[in-house]
Structures are given as structure tokens and as C-alpha cells.
Amino acid sequence: MSVQLNHTIVHVRDRAASARFYADILGLPAPEPFGHFMVLPLSNDVSLDFLDVRRDISPQHYAFLVSEDEFDRIFERITQRGLDYWADPGHQQPGTINHNDGGRGVYWSDPDGHNLEIITRPYGG
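So, how was this worked out
- Residues numbered from 1 in each chain as written.
- Predicted model: local features only at pLDDT ≥ 70, side-chain atom pairs only at ≥ 80, totals over all residues.
- Heavy atoms only, no water.
- UniProt positions renumbered as here; feature names shortened; annotations may be inferred.
- Helix = DSSP H or I, 4+ residues; strand = E, 2+ residues; numbered from the N terminus.
- Buried < 20%, exposed > 50% of the residue type's maximum accessible area, 1.4 Å probe, protein only.
- Pairing = 2+ DSSP bridges.

**Observations concerning the UniProt feature "domain: VOC" (unreviewed entry) in the protein chain**
Listed under "domain: VOC" (unreviewed entry) in the UniProt record, and renumbered for this structure, are residues 4-121. With 21% helix and 30% strand, residues 4-121 has end C-alpha atoms that lie 20 Å from one another.

**Observations regarding the pairing of strand β7 (residues 115-119)**
Counting buried positions along β7 yields five of five residues, so the element is predominantly enclosed. Side chains N115, E117 and I119 project from β7 onto one buried face, and the interleaved L116 and I118 project onto a second face that is buried too. Strand direction decides the pairing type here: strand β5 (residues 61-65) and β7, joined by five bridges, are parallel. Looking at β7, one finds that F64 is bridged to I118. Hairpin connection of strand β6 (residues 105-109) to β7: five residues between the antiparallel strands, including G113 at a positive phi of 90 degrees.

**Notes on unusual backbone geometry**
Of note in this structure, H91 is not a glycine but carries a positive phi near 60 degrees. The residue H91 is located in the loop between α2 (68-80) and β6 in this model. Positioned with a positive phi, D101 is a non-glycine residue whose angle comes to about 55 degrees. As for its position among the elements, D101 is in the loop between α2 and β6.

This is how it looks when you write it as C-alpha cells:
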């Protein structure tokens, strides 16, 4: 049996604004509404389904595997927006990227406090 992740729900305060934030930073097509969600498809047939919630949001971690060229473009958008970024998930190394596993990685936060990451090599690879 083959098991694949199909989608995950991202709790946010403003689903349209949050989905646009991800699409803009990651260079993805505009999200589409579906029921109570704004859906952002990723290239591996997985989607992020943004849902408005009226309670406190528990920050989650979302990591995106990207090519070297995509990393450069995404990182440029992060810096152009003046977003804080870190080399580590604990946000102890500000203003730097990491070179783990021979690739590059960086972390930043979305407007709801979710910890986002782009990497060019899978960990342990």
C-alpha cells in the first residue's frame, strides 16, 4: 500500500491573507477557495489548506524542499520584505542561513507565528 500526504490544514487568523503570503513568498500560483478553506497546491500533489480559527493558534512548522534556484528567489523575497530570518529552528542565529547536509536552509515566521523553512537538501541526505 502506498501512503502519501494529500493535504494539511493550517490554522490562521485570515485565510486569504495567509494563503497569499505563502504563495507570494514561495512563488506559487494564487490560492483557490474550497469550502471553508483557501487551498494552496504544492508541486508534489500536496496542498496547504488555510482555515480561519477564532482561538489561539498553536505555531506549527512547515518545511519546503526547493531547488538552489528556487532558494535564491524565495530568499530574495524574504529579504525584500524585510522579514526576520534565522539559520536554525530555535531562532538563535539571526540574519544567517545554514549549510546543513551540504545544502542551504533558512527559517522565518508567517504572520500567525508558524515557523517556515526552506531547504535545498533533505536532512540526513
